[in-house]
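Read off the chains here:
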Amino acid sequence: MILYRILQLIFLVIFKLFFKLKITGLEHIPRKGGAILASNHASYADILLIGIGLRRRLRYVAKAEMFKKSFVRALWTYLGGIPIRRHGVPRESFKRIFEQIDRGNLVVVFPEGTRSKDGVMKDPKLGIGMMVALSGARIIPTYISGSNRILPSHSRKLKIHPVGVTYGEPIDFSDLMKKFEGKELYQEISRRVMEKIQNLKVQ
């Protein structure tokens, strides 16, 4: 935990000094209790940006392919990474995600399922809707700006460009669970999550 905090502080200083990092909406992050941070995803830099300004440690949901190489697997494991398959119903992954939420942890999910190559937000996968419907967890919509400029999906070199992270108000979808069910419920939750993230971009 001490190493995590040290690295977090180092990266926070770097991003504030060189990339003019601006963080807004910190008041929407609960001091305790489990929830899901749902964010747009355009760069590997998002993994750092989404949490370096928070006092709480995050857990990350990442595609299973990220855990194949030993070094990357060790890094993801240290960060509290949870591997998830892109196809089918990842029951074991969902179980681990729900356990983290029940323990009062914040879990990061990228609803688009993969990085956007042009920075434009894509349609969400059903996974985020399933997670919310089955866990009853609140969603904290999050928008990350500029990450596709500092580390594009096709590049491995950092470029200087302002970046920002905006956290929105937590959302409770219990009302939808009374109106919809099954796949229709998952689709509606997923759609509204991305809509909330889009609204943060506009703001």
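Thresholds applied
Residues numbered from 1 in each chain as written. Predicted model: local features only at pLDDT ≥ 70, side-chain atom pairs only at ≥ 80, totals over all residues. Heavy atoms only, no water. Helix = DSSP H or I, 4+ residues; strand = E, 2+ residues; numbered from the N terminus. Rg over C-alpha atoms; globule rule 2.2 N^0.38 Å. Buried < 20%, exposed > 50% of the residue type's maximum accessible area, 1.4 Å probe, protein only. Areas by Shrake-Rupley, 256 points an atom, 1.4 Å probe, with all protein chains shown as cover. Lys, Arg positive; Asp, Glu negative; His and termini not counted. Charge placed at Lys NZ, Arg CZ, Asp CG, Glu CD. Salt bridge = Lys/Arg side-chain N within 4 Å of Asp/Glu carboxyl O. Polar contact = N/O pair within 3.5 Å; in protein donor to acceptor, adjacent residues only side chain to side chain. Contact = heavy atoms within 4.5 Å. Axes fitted to C-alpha atoms, helices over the stretch in contact; angles between N-to-C directions. Parallel < 35°, antiparallel > 145°, perpendicular 65-115°, else oblique. Left-handed = near helix turned anticlockwise from the far one by under 90°. Nonpolar A, V, L, I, M, F, W, Y, C, P; charged D, E, K, R; others polar.

A. Molecular detail of the overall build of the protein. In terms of regular secondary structure, the protein is built from 7 helices and 7 strands. If you list the helices and strands of the protein from N to C, you get α-β-β-α-β-α-β-α-β-α-β-α-β-α. What you see for the protein is a C-alpha radius of gyration of 16 Å, in line with the 17 Å of a compact globule of 203 residues. For the protein, the spread of C-alpha atoms along the three principal axes comes to 45 × 40 × 35 Å. The buried share of the protein, taken over its 203 residues, is 48%. Looking at the protein as shown, the accessible area adds up to about 11500 Å², and 55% of this sits on carbon and sulfur atoms. For the protein, the centre of its 36 positive side-chain charges and the centre of its 16 negative side-chain charges are spaced 10 Å apart.

B. Representation of the pattern of salt bridges within the structure. This structure, assessed with the given rule, holds 3 salt bridges. For Arg191, the salt bridge goes to Glu188, with nearest N and O atoms at 2.6 Å. Here Glu188 and Arg191 lie together in helix 7 (residues 182-202), a separation of 3 residues that amounts to about one turn. Residue class for Arg191 comes out partly exposed when judged on its relative accessible area of 39%. For Arg192, the salt bridge is made with Glu188, and the minimal N-O distance between the two is 2.9 Å. Note that Arg192 and Glu188 are positioned in helix 7 at a spacing of 4 residues, about one turn of the helix. For Arg192, a relative accessible area of 26% corresponds to the partly exposed category.

C. Structural context of the side chain of Glu188. On the accessibility criterion, Glu188 (15% relative accessible area) is buried. For Glu188, the side chain forms a polar contact with the side chain of Arg192, separated by 2.9 Å. Every residue in contact with Glu188, bar those within four places of it in the chain, is listed here: Leu176 and Phe180.

D. Region of interest: the packing of helix 5 (residues 127-135) against helix 7. Where helix 5 contacts helix 7, the axes come no closer than 7 Å and their chain directions differ by 110°. Comparing their axes, helix 7 and helix 5 come out roughly perpendicular. In the packing of helix 5 onto helix 7, the handedness of the crossing is right-handed. Contacts between helix 5 and helix 7 involve Ile128, Gly129, Met130, Val132, Ala133 and Leu134 from the former and Leu185, Tyr186, Ile189, Ser190 and Val193 from the latter. Partitioning the contact of helix 5 with helix 7 into residue classes produces 9 nonpolar, 2 polar and no charged.

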